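Listed below are the residues making up each chain.
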There are 2 protein chains.
Amino acid sequence: MIKDLFKCDQHGRMPGDQRRAQILQSAFDLFSQKGFSGTTTKDIARLSGVSEAMVFKHFSSKDELYGAILEAKKCSEGLHKYPWESNEPMLAAMEAKDDLGVFYHFGRQALEKHQADIAFMRLLFYSALEEHELAERFFGEFVHEIYRFLGGYIAKRQADGAFRKIDPRIIVRSFLGMLLHHSLNNILWDTKRRILDIDNETAARSFAEMILRGAAATPSTTDNN
Amino acid sequence: MIKDLFKCDQHGRMPGDQRRAQILQSAFDLFSQKGFSGTTTKDIARLSGVSEAMVFKHFSSKDELYGAILEAKKCSEGLHKYPWESNEPMLAAMEAKDDLGVFYHFGRQALEKHQADIAFMRLLFYSALEEHELAERFFGEFVHEIYRFLGGYIAKRQADGAFRKIDPRIIVRSFLGMLLHHSLNNILWDTKRRILDIDNETAARSFAEMILRGAAATPSTTDNN
DNA sequence: ATCAGGTGAGTAAGCACTTACTTAATGCAG
DNA sequence: CTGCATTAAGTAAGTGCTTACTCACCTGAT
């Protein structure tokens, strides 16, 4: 019998916090696959390789378990890292007022992140539909900050006369729409890429060009290579 | 006690097919609010004002009830009607090669439809996450047809030299992304319109302008009023 | 009298969650 | 190193309740 396979089905004893983390991971996987009410505590226990009682030794209720996922995810990679943090190319492009570079590197990082964390995206969608607090907090903090940041840059470039004078938030919404809708297609609706199969680099470049021409004041042809 | 309130809680007898339709409507409302596994057959019965047994007299199982919703919705308004059917202004704009008009009227109709049928949109999302067949069929037929139609128009206008020579599907994806993402914000994430509060007319016009400038070959300023 | 519309009171399985208990690692005094 | 108390990791077998679904039985209009 194989032990220590990946993470599940470890029959032996395990330090408390390690098992706790494992249960958390199992719950995350299942909630993101089947939603909150579609997942049973028995499923979570089975995937963790322990009895149901252990789940309730670590988390007092199914609800608390859900809440703990959010905390764990928030403190780990992803959530607290905005698409411009540790995105040197984008920050450099902002410095240089290279608008195409800004949008391209922002979009590229976003698409890459979506693709790398499909389970989290699904969880986010479930929580939005099920009206758990995760969604509200995420969109109230994270998304709001994105609008502030990107919108701020656009406003500055409008002052420079580089962009048309329309509500920057509409430009942000358009651009995020392209990115998120594209990821949604790949994750949810057209996982086989039957309608459109392009890599993240092509997508980010196309969307960046589109939004830039769409929002630019001077009808520049943005002839970068 | 109030009887005959809206549609629910009708205590008296009712013709079979009428009651059936009512149960269907209750199930639709509840599934779209709480998802398939989040809704109980008891809830459905209560909302319909009948006993649970009646639900199973009309539908042999909860699954079949879900399936019947799809059939009913498909045959009724909405699903089989593409955003260009009974959209004379858009068809006229196509005839006149008024690109801005085409995108504007398409977008406007789409946004209006999303807003009018929030419950259906939610159901569609739930079914995409839960991987019921509804989502697959919808996106396989409806969405595919939209790409064909809009993409076809764009290809024709590219031949005219009006649009840049990029994959028309990327333009369609960008445009649908703006529209759907905007609706998603309004329906799911920012129902209070705290980030951006614009009416459908403004949104459709902004998105249409954006996509047109983004995709146009000649950097025209599209000075329509 | 018929029969479609409608029900109360089930059933077996499944649910979140608990209790009473066993097992294995870790000290630490002699 | 032994022997034993302590404690954390773990479970089998429940608890009461809910679930999807059934069945024997009404009821009232034609």
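The model shown is predicted, which means the values in this text are computed figures rather than measured ones.

Caption draft 1: How the structure looks around the pattern of salt bridges. Residue and element names in this part refer to chain B. On inspection of all chains with the given rule, the structure shows 26 salt bridges over all chains. A salt bridge links Asp 43 to Arg 46; the shortest N-O distance between them is 3.5 Å. Linking Asp 43 with Arg 46, this pair stays in helix H2 (residues 41–48), spanning three residues, or about one helical turn. Judged by its relative accessible area of 16%, Asp 43 falls in the buried class. On the basis of relative accessibility, which here comes to 56%, the residue Arg 46 falls in the exposed class. Across the pair Asp 160 and Lys 97 runs a salt bridge whose closest N-O atoms are separated by 2.9 Å.

Caption draft 2: Main features of the packing of helix H1 (residues 16–34) of chain A against helix H7 (residues 118–130) of chain A. Residues and elements named next belong to chain A. It is at 8 Å that the axes of H1 and H7 come closest, and there the two elements cross at 60 degrees. Accordingly, the angle class assigned to the pair H1 and H7 is oblique. Here H1 and H7 pass one another in a crossing that is left-handed. Counted together, Phe 28, Phe 31, Ser 32, Gln 33 and Lys 34 of H1 and Ala 119, Phe 120, Arg 122, Leu 123 and Tyr 126 of H7 form the full contact between these two elements. Considering only residue class, the contact of H1 with H7 consists of six nonpolar, two polar and two charged.

Caption draft 3: Looking closely at the protein's contact with DNA strand C. Neighbouring residues of DNA strand C: 20 residues in total, closest A:Thr40, A:Lys62, B:Arg13, B:Met14 and B:Gly16. Atoms of DNA strand C within 4 Å of the protein belong to the sugar or the phosphate in 52% of instances, the rest to bases. In the environment of DNA strand C, a phosphate oxygen lies 2.8 Å from a nitrogen or oxygen atom belonging to the backbone of B:Met14. Looking at the surface near DNA strand C, the elements with two or more residues in it are helix H3 (52–58) of chain A together with helix H1 (16–34) and helix H3 (52–58) of chain B. Split by residue class, the surface near DNA strand C holds seven nonpolar, seven polar and six charged.

Caption draft 4: Geometry of the packing of helix H5 (residues 88–95) of chain A against helix H6 (residues 99–116) of chain A. Residue and element names in this part refer to chain A. H6 packs onto H5 with a crossing angle of 160 degrees between their chain directions and a minimal axis gap of 8 Å. By the angle class used here, H5 and H6 are roughly antiparallel. When the axes of H5 and H6 are compared, the crossing they make is left-handed. Across the interface between the two elements, Pro 89, Met 90, Ala 93 and Met 94 of H5 pack against Gly 101, Val 102, His 105 and Phe 106 of H6. Its residues placed into classes, the contact of H5 with H6 shows six nonpolar, two polar and no charged.

Caption draft 5: Structural detail: the protein's contact with DNA strand D. In the vicinity of DNA strand D there are 20 residues, among which A:Arg13, A:Gly16, A:Ser51, B:Thr41 and B:Lys62 approach most closely. A share of 52% of the atoms of DNA strand D within 4 Å of the protein falls on sugar and phosphate groups. For DNA strand D, a phosphate oxygen lies 2.9 Å from a polar atom in the side chain of A:Arg19. Measuring from a base nitrogen of DNA strand D, one finds a side-chain N or O atom of B:Glu52 at 3.3 Å. Of all the secondary structure elements, the ones that give two or more residues to the surface near DNA strand D are H1 and H3 of chain A together with H3 of chain B.

Caption draft 6: Summary view of the interface of chain A and chain B. In this assembly, 46 residues from chain A lie in contact with 46 residues from chain B. Between chain A and chain B, the buried area comes to about 4300 Å², and carbon and sulfur atoms account for 68% of it. If you sort the residues of chain A by the area they bury against chain B, A:Leu129, A:Arg173 and A:Ile195 come out on top, with a joint share of 19%. At the surface where chain A touches chain B, the tally comes to four salt bridges. One salt bridge connects A:Arg122 with B:Glu131, and the closest N-O pair in it is separated by 3.9 Å. Counting across the interface, chain A meets chain B through 11 residue pairs in polar contact (both at pLDDT 80 or more). Elements that contribute at least two residues to the side of chain A that touches chain B include exactly H7, helix H8 (133–159), helix H9 (168–189) and helix H10 (200–215) of chain A. The dominant element in the side of chain A that touches chain B, judged by the number of residues it contributes, is H9(A), at 16 residues. Of the residues belonging to the side of chain A that touches chain B, the class tally is 25 nonpolar, 12 polar and nine charged.

Thresholds, definitions, all that
- Residues numbered from 1 in each chain as written.
- Chains lettered and ligands numbered in written order.
- Predicted model: local features only at pLDDT ≥ 70, side-chain atom pairs only at ≥ 80, totals over all residues.
- Heavy atoms only, no water.
- Salt bridge = Lys/Arg side-chain N within 4 Å of Asp/Glu carboxyl O.
- Helix = DSSP H or I, 4+ residues; strand = E, 2+ residues; numbered from the N terminus.
- Buried < 20%, exposed > 50% of the residue type's maximum accessible area, 1.4 Å probe, protein only.
- Axes fitted to C-alpha atoms, helices over the stretch in contact; angles between N-to-C directions.
- Parallel < 35°, antiparallel > 145°, perpendicular 65-115°, else oblique.
- Left-handed = near helix turned anticlockwise from the far one by under 90°.
- Contact = heavy atoms within 4.5 Å.
- Nonpolar A, V, L, I, M, F, W, Y, C, P; charged D, E, K, R; others polar.
- Near = heavy atom within 4 Å.
- Polar contact = N/O pair within 3.5 Å; in protein donor to acceptor, adjacent residues only side chain to side chain.
- Buried area = accessible area lost by both parts, 1.4 Å probe.

In short, the description is geometric, and any link to function would need to be established separately.
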